[in-house]
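Here's the letter readout for the chains.
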2 protein chains.
Amino acid sequence: MSASGVRARVRAEMTEEIKTVARRHLASDGANLSLRAVARDVGMASSAVYRYFASRDDLLTALIIEAYDSVGSAAEAAMAKPADTDADRLLVLSHAVRDWALADPHQWALIYGSPVPGYQAPQDTIGPATRVIFAIAKIVQEAFTAGRVVPVPEPTGRYAEELAAVAEQFGPGTPPRLVGSAMSAYFQLNGAVSAELFGQLNQTVEDDRRGFFEFQMRGAVAFIGLT
Amino acid sequence: MSASGVRARVRAEMTEEIKTVARRHLASDGANLSLRAVARDVGMASSAVYRYFASRDDLLTALIIEAYDSVGSAAEAAMAKPADTDADRLLVLSHAVRDWALADPHQWALIYGSPVPGYQAPQDTIGPATRVIFAIAKIVQEAFTAGRVVPVPEPTGRYAEELAAVAEQFGPGTPPRLVGSAMSAYFQLNGAVSAELFGQLNQTVEDDRRGFFEFQMRGAVAFIGLT
DNA sequence: AAAATGCAAGAGCAGTGCTCTCGCTATGGC
DNA sequence: GCCATAGCGAGAGCACTGCTCTTGCATTTT
């Protein structure tokens, strides 16, 4: 009865509870969380979990997708805020991403850290994975179409053609260097956050890491011609 | 007899063989290599390995130190090569680091990827860990003392003081922004390599990743004022 | 020569991912 | 309303993991 079915609903709830508990374990144990331990916390046999997730990797994949979506919406929300300049808008986005990462380092490590050996990201993850860089690209594109981008060295060589192909996804006529700029900013953002989170800053910059991060990102923003 | 002792020598050889086999396993299984499997390959009981390494983490630490030293000497060798300009010298170093990473991605992941949960880097690792950034800093410093560095925005704020403290390690009178510049270049280098290795470039730049890497690093080099 | 030390092997413990089988219960067709 | 079906939970079990402890042996030191 009940066309959608009671069964389907409790299944959805159960799936959600497992993910919630798993996320909690992720925060303490990192990517090598134990499926059995999660099952214990949920209060069921470990074998029962396999009714909801085909494997531990499947469970991790679900968490990865959620993490991508989470940081993606954080970035999009920051981008949507009013800002005086394009540079400010990108800086606000950068801080939003950094704040998200600091709030849950293991989730950051899960999606931007070294991939789990043997784990191959399934197709479902590539959509959510692109949200942050799309947000950055949108900022750059809007600045460009409004004629507010300072000229910047044009990419040349074979990779420039590959960038051109990607640029088509943003609408025809998008200049390749725009994609290159967005990717530069994106990778510098990721590099700065990862360096901070993975301990590369230890015993150098300890107190004012936020300030140092902003210094770095200001450089990145200037490099791609945003003012 | 034999003051140093035969025992000590075979022990050193055994230690080396375990590390060699472990490095081979690292290349295929990544950071979650199995100590038992390594022991099997070496041809001894797993319990015997504990005579040489107190724990699996200890074995990993040994591999981490070796990896840091390996990439460090690669960077230093590249820096020592004759180059027309400071920018070229830093670019050559960058390519050397990238080539090293591409040759053995798991070793890169081991030292620059997400830290193994629960693993705390012991004191022995921080020395070798700094070799690459020291090489970069040396390039920047030499260019600076020779007066070949284009003026660059001076860091301000609390983190600038922390940079100043680090700068003292490079000799008195070293300007803080020099350290900031070296770190910027270093993190951008790491970010670019990690992005490429950890799959962030998938389905965008596929063929000419080397060219794209150079494009990014040229930006980084220009940003810190090297010509 | 005797005592002390270093080493390797084996058994064993607690934990892991995952599979399979067994009952039970809610669901959908008649 | 009845009944076959399909989904679900639990338990046992397999092969594996890191690590510890004990036992026997070889080597080194006294």
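Note that the structure is a prediction, hence the values are computed from the model and not measured.

Peer 1: Help me out: how do you make sense of the overall build of chain A in this one?
Peer 2: Across its full length, chain A carries 11 helices and 0 strands. Counting from the amino terminus, chain A carries its helices and strands in the arrangement α-α-α-α-α-α-α-α-α-α-α. Expressed as lengths along the three principal axes of its C-alpha atoms, the size of chain A is roughly 60 × 50 × 35 Å. Looking at chain A as a whole, 53% of its 227 residues qualify as buried. The long-range share in chain A, meaning contacts at least 24 apart out of those at least 6 apart in sequence, stands at 72%.

Peer 1: What's the story with the packing of aromatic side chains in this structure? I'm lost.
Peer 2: What characterises a pair of aromatic rings is the spacing of the ring centres plus the angle enclosed by the ring planes. Per the stated rule, a full pass over the model turns up 16 aromatic pairs over all chains. A ring pair is formed by A:Phe215 and B:Tyr159, whose centres lie 5.8 Å apart and whose planes are at 40°; its orientation type is tilted. Placement of A:Phe215 in helix 11 (residues 209-223) and of B:Tyr159 in helix 9 (residues 158-167) is noted, with the two residues assigned to different chains. In terms of burial, A:Phe215 and B:Tyr159 fall into one category: buried. Aromatic pair B:Tyr186 and B:Phe187: ring centres 5.6 Å apart, planes at 50°, arrangement tilted. We note that B:Tyr186, like B:Phe187, is buried. Put simply, the rings of A:Tyr68, A:Trp108, A:Tyr112, A:Tyr159, A:Tyr186, A:Phe187, B:Phe212 and B:Phe215 pair up and form one aromatic cluster.

Peer 1: Just checking my understanding: could you explain the UniProt feature "domain: HTH tetR-type" (unreviewed entry) in chain A for this structure?
Peer 2: UniProt records the feature "domain: HTH tetR-type" (unreviewed entry) for residues 12-71 of chain A in the present numbering. Helix makes up 77% of residues 12-71 of chain A and strand 0%, with an end-to-end C-alpha separation of 23 Å.

Peer 1: Hey, could you run me through the relation of the copies chain B and chain A in this one?
Peer 2: Both copies of the chain are placed relative to one another by a rotation about an axis and a shift along it. With an RMSD of 0.0 Å, the fit of chain B onto chain A corresponds to turning through 180° and sliding 0.0 Å along the axis. Between the two chains, the operation in question is that of a two-fold axis. Across chain B, the rotation axis passes nearest the C-alpha of B:Gly191, at a separation of 1.9 Å. Interface overlap between copies: 100% of the residues of chain B at the interface are likewise at the interface in chain A, consistent with a symmetric, same-surface contact.

Peer 1: Can you walk me through the protein's contact with DNA strand D in this structure?
Peer 2: By nearness alone, 22 residues border DNA strand D, and A:Arg11, A:Ser47, B:Leu35, B:Arg36 and B:Arg56 come closest of all. At a separation of 3.4 Å, a base oxygen of DNA strand D approaches a polar side-chain atom of A:Arg36. B:Arg40 is positioned such that a nitrogen or oxygen atom in its side chain is 3.4 Å from a phosphate oxygen of DNA strand D. Of all the secondary structure elements, the ones that give two or more residues to the surface near DNA strand D are helix 1 (6-29) and helix 3 (46-49) of chain A together with helix 1 (6-29), helix 2 (35-42) and helix 3 (46-49) of chain B. No other element matches helix 2 of chain B, which puts 3 residues into the surface near DNA strand D. By residue class, the composition of the surface near DNA strand D is 9 nonpolar, 5 polar and 8 charged.

Peer 1: When you look at helix 2 of chain B in this model, what are you seeing that I'm missing?
Peer 2: Quick reminder: α-helices carry 3.6 residues per turn. Residues three or four places apart thus point the same way. Residue and element names in this part refer to chain B. Turning to helix 2, its buried residues are Leu-35, Ala-37, Val-38, Ala-39 and Val-42. Where helix 2 is buried, its residues touch helix 1, helix 3 and helix 4 (56-80). For helix 2, the capping residue at the N-terminal end is Ser-34, with a side-chain oxygen 3.2 Å from the backbone nitrogen of Arg-36. Where helix 2 terminates, the next one or two residues include Gly-43, which has phi positive at roughly 100°.

Peer 1: Teacher, can you tell me more about the nonpolar core here?
Peer 2: Across soluble globular proteins, nonpolar side chains have a tendency to be buried as a group. Counting 75 residues, the largest nonpolar core has A:Leu90, A:Leu93, A:Trp108, A:Ile136, A:Met183 and B:Phe212 as its most contacted members. When sequence neighbours within four positions are dropped, the list of residues in contact with A:Leu93 reads A:Ala75, A:Ala78, A:Met79, A:Ala135, A:Ile136, A:Ile139 and A:Leu189. In this structure, B:Ala62, B:Val97, B:Val193 and B:Phe223 belong to the second largest nonpolar core, which totals 73 residues.

Peer 1: For this particular structure, what's the right way to read the interface of chain B and chain A?
Peer 2: By a widespread convention, an interface's size corresponds to the accessible area lost as its parts come together. Contacts between the two partners involve 46 residues from chain B, matched on the other side by 46 residues from chain A. Among the residues of chain B in contact with chain A, B:Tyr159, B:Phe187 and B:Phe215 are the three that bury the most area, contributing 18% of the side total. At the junction of chain B and chain A, the tally comes to 2 salt bridges. Here B:Arg158 makes a salt bridge to A:Asp208, at a shortest N to O gap of 3.8 Å. Taken together, chain B and chain A are joined by 12 residue pairs in polar contact (both at pLDDT 80 or more). Those elements that place two or more of their residues in the side of chain B that touches chain A are helix 6 (105-112), helix 9, helix 10 (176-197) and helix 11 (209-223) of chain B. The residue inventory of the side of chain B that touches chain A, partitioned by class, reads 23 nonpolar, 17 polar and 6 charged.

Calculation criteria
Residues numbered from 1 in each chain as written. Chains lettered and ligands numbered in written order. Predicted model: local features only at pLDDT ≥ 70, side-chain atom pairs only at ≥ 80, totals over all residues. Heavy atoms only, no water. Helix = DSSP H or I, 4+ residues; strand = E, 2+ residues; numbered from the N terminus. Buried < 20%, exposed > 50% of the residue type's maximum accessible area, 1.4 Å probe, protein only. Contact = heavy atoms within 4.5 Å. Phe/Tyr/Trp six-rings, centres within 6.5 Å; stacked < 30°, edge-to-face > 60°. UniProt positions renumbered as here; feature names shortened; annotations may be inferred. Least-squares fit on C-alpha atoms with pLDDT ≥ 70 in both. Near = heavy atom within 4 Å. Polar contact = N/O pair within 3.5 Å; in protein donor to acceptor, adjacent residues only side chain to side chain. Nonpolar A, V, L, I, M, F, W, Y, C, P; charged D, E, K, R; others polar. Core = buried A, V, L, I, M, F, W, Y, C linked by side-chain atoms within 4.5 Å. Buried area = accessible area lost by both parts, 1.4 Å probe. Salt bridge = Lys/Arg side-chain N within 4 Å of Asp/Glu carboxyl O.

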